[in-house]
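# Structural overview
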Amino acid sequence: MAKLRKKARGAKQISPAKIVADEARYMMQTYRRPGVVFTHGRGTHLYDSHGREYLDFLAGIAVNALGYANPRIVRVIRREAGRTMHVSNLFHNPYQAPLARKLAEWSGLDRAFFANSGSEAVEGALKLARAHAHARAGSGGRQTRILALENSFHGRTFGALSITYPEKYREPFEPLVPGVEFVRFNDMADLEAKFDETVCAIIVEPIQGEGGIHLVSDEFWQRARELATQHDAALIADEIQAGLGRTGRRFAYQRFSLPPDIVTVAKPLGSGLPLGAFLASDEFASAFKPGLHGSTFGGGPLVCAAALEFLSVVEEKDLLANVRERGTEIRAGLKKLATRFDFIREIRGEGLIVGIDLSIEGGPLVKDALRRGLLINCTHEHILRLLPPFIISRRDVSEFFSKFERVLAGAAKSARPSAAAYDAKASAQPMALAAAR
Ligand SMILES: Cc1ncc(COP(=O)(O)O)c(C=O)c1O
């Protein structure tokens, strides 16, 4: 026992430099990481191995909606870890059905299937749409095509990758799943031209996340809904990044008047534990019979208990109101900054999913933000993305602006030889920080 304890202590003492070196030597090099090792977090802040503090406006890519070390989540995980972490889906567990019921209440759909990640939820949703089409009398097996949108991101597994738009993700792994076509974003004529009786599903992110925070228009959604109904195809909403409260609504599609048939969720659901799900109306869900789909780990007791607690915290603390209020403050502050920094082209988003579209490269700004103790992210080379936890306070918003303004000022200086012109413009404008308060 003493030996074990010593070993565990030893593991903790590995130096950050050694961790970074071992990553470079022993891990497949699929990520480009800065040399920071995060050791713990509390609320909206993370701490690295040197004890430096960072304001986290990325939340583990939209996962840590309750921030770090939320006492209620920690309590539930500790409790369940001491009971059963896993029993398999051959048996009932106390939390899976209550979680399915809760998600049905939140979404207005009827049934859930639990998986382990976003990509896996997308795979299941596609399989369900195909199974539904095959089960329909008279489809003659021809109703197999899947429509997705240009600029989409749905995941890295083969099915999810096949409906993900950027070629850089797809091409190295071809051939992919056949029968996929991409519709131009918000283009009704293209949608109508590509949607016919051979389509079994159209998948839409109501707000494109990785694609750069673009909102699907009401008209486009409405027409996709009509065409899906007309052809008995599934309208699938991929809510993995924008769903479960991030827009200030339970689901991003709830800003439209009509619902989808199938919804995928993941990221914040397990409060940091891996959990994905797809939800469906009875009409579509009934296409799955025992044995048609399954998962060893999906929806285990530990992770479902954590997910139930997450949804309760969001409800009891009225976090959707906080998401809306802080999101409005952030976008207003950013719009003020855009009047001073002309390389900010546009501010987009809803609630706490925010895109800052730049006319310059975003990567250096992300690096500078990290240096200043602020975590943000960049997508499509020039769109800064903010995905802060739902629990951020007005103080956190002020801290964000005081750091981010310096990042922008630094970028302005290096983007322009004539810093004097920028400085003159800056001094003529009120501080965005004050505006954001
Ligand atoms: C909209 C959307 N769908 C699917 C995925 C894939 O999820 P995961 O990385 O959990 O497989 C992501 C991940 O970023 C996403 O944003």
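Residues numbered from 1 in each chain as written. Predicted model: local features only at pLDDT ≥ 70, side-chain atom pairs only at ≥ 80, totals over all residues.

### Some remarks on the sheet that holds strand 17 (residues 383–386)
Across the sheet, four strands lie side by side as 13-14-17-16; this open sheet has antiparallel pairing. Looking at the sheet topology across the chains shown, the edges are occupied by strand 13 (344–350) and strand 16 (377–379). Between one strand axis and the next, the sheet turns by 25 degrees as a mean value, whatever way the strands run. Here three bridges tie strand 16 to strand 17, and the two strands are oriented antiparallel to one another. Its bridge partner lying in strand 17, Thr379 is registered against Ile383. Lying on the sheet, helix 13 (residues 319–340) is in contact with strand 13, strand 14 (353–358) and strand 17; it crosses strand 13 at an angle near 170 degrees. (Pairing = 2+ DSSP bridges. Helix = DSSP H or I, 4+ residues; strand = E, 2+ residues; numbered from the N terminus. Axes fitted to C-alpha atoms, helices over the stretch in contact; angles between N-to-C directions. Contact = placed C-beta atoms within 7 Å.)

### Notes on the site of the ligand
Residues in close proximity to the ligand total 14 residues, the closest being Gly118, Ser119, Gly155, Ile240 and Gln241. Considering each element in turn, the shell around the ligand owes the most residues, three residues, to helix 6 (residues 118–135). Class assignment of the residues belonging to the shell around the ligand gives a composition of four nonpolar, seven polar and three charged. (Near = placed C-beta within 6 Å. Nonpolar A, V, L, I, M, F, W, Y, C, P; charged D, E, K, R; others polar.)

### Quick look at the domain arrangement of the protein chain
What the domain assignment lists for the protein chain is domain 1 (2–63 + 319–436) and domain 2 (72–316). For domain 1 versus domain 2, the distance between C-alpha centres works out to 28 Å. Listed as interface residues are 21 residues of domain 1 and, on the opposing side, 18 residues of domain 2. Here the element with the most residues in the side of domain 1 that touches domain 2 is helix 13; it accounts for five residues. For the side of domain 1 that touches domain 2, the class distribution of residues is 10 nonpolar, seven polar and four charged. (Domains from an automatic or database assignment.)

### Brief notes about helix 10 (residues 218–230)
In an α-helix, one turn spans 3.6 residues, which is why side chains three or four residues apart end up on the same side. The end-to-end C-alpha distance of helix 10, which contains 13 residues, comes to 18 Å, matching closely the 18 Å that a straight helix rising 1.5 Å per residue would cover. Among all positions of helix 10, only Phe220, Trp221, Ala224, Arg225 and Ala228 are buried. The arc enclosing the buried residues of helix 10, seen along the axis, measures out at 135 degrees, which places them on a common side. Across from the buried face of helix 10, at angles greater than 90 degrees, the exposed residues are Asp218, Glu219, Thr229 and Gln230. Looking at the buried positions of helix 10, the neighbouring elements they touch are helix 9 (188–194), strand 7 (199–204) and strand 10 (234–238). Immediately beyond the C-terminal end of helix 10, within one or two residues, lies Asp232, with a positive phi of roughly 55 degrees. (Expected span 1.5 Å × (residues − 1). Buried ≥ 20, exposed ≤ 12 C-beta atoms within 10 Å, placed from the backbone. Arc of directions from axis to C-beta.)

### Quick look at the environment of Phe195
Among the structural elements, Phe195 can be located in the loop between helix 9 and strand 7. For Phe195, a count of 22 C-beta atoms within 10 Å corresponds to the buried category. Taking C-alpha positions, Phe195 is 9.3 Å from Val183, a pair spaced 12 residues apart along the chain. With sequence-adjacent residues up to four places away left out, Phe195 is seen in contact with Leu147, Ile202, Leu227 and His231.

### Describing the pairing of strand 17
Along any regular strand, the residues point their side chains to alternate faces of the sheet. Burial along strand 17 is two-sided: Ile383 and Arg385 and Leu384 and Leu386, pointing in opposite directions, are all buried. Two elements, strand 14 and strand 17, share four bridges in a ladder whose sense is antiparallel. Directly across from Ile356, in strand 17, lies its bridge partner Leu384. Where strand 16 folds back on strand 17, the antiparallel hairpin that results is connected by three residues, among which His380 adopts a positive phi of roughly 55 degrees.

### A word on the nonpolar core
Judged by nonpolar contacts, the single largest core of 120 residues is most densely connected at Ala201, Ile202, Ile262 and Ala277. Among the elements that make up this core, the one with the highest residue count is helix 12 (residues 301–316) (nine residues). The residues that make up this core include at least three from each of domain 1 (2–63 + 319–436) and domain 2 (72–316). Setting aside anything within four residues of it in sequence, one finds Ile202 in contact with Leu147, Phe195, Ala224, Ala228, Ala233, Leu235 and Ile236. (Core = buried A, V, L, I, M, F, W, Y, C linked by C-beta atoms within 7 Å.)

### Re the sheet that holds strand 5 (residues 145–149)
Ordered in space as 4-12-11-10-7-5-6, the seven strands form an open sheet in which the pairing is mixed. Looking at which strands have only one partner, the edges of the open sheet turn out to be strand 4 (111–115) and strand 6 (180–183). Taken pair by pair, the neighbouring strands of this sheet meet at an average axis angle of 20 degrees, ignoring direction. Against the sheet, helix 10 touches strand 7 and strand 10, its axis set at about 140 degrees to strand 10.

### Some thoughts on the environment of Pro71
Within the element layout of this structure, Pro71 appears in helix 4 (residues 71–81). Its 8 C-beta neighbours within 10 Å are what place Pro71 among the exposed residues.

### Considering the environment of Glu350
Note on placement: Glu350 falls in strand 13. Expressed as a C-alpha distance, the spacing of Glu350 and His214, which sit 136 residues apart in the sequence, is 9.9 Å. Ignoring anything within four residues of it in the chain, the contact list for Glu350 reads Ile207, Leu215, Thr247, Gly248 and Gly327.

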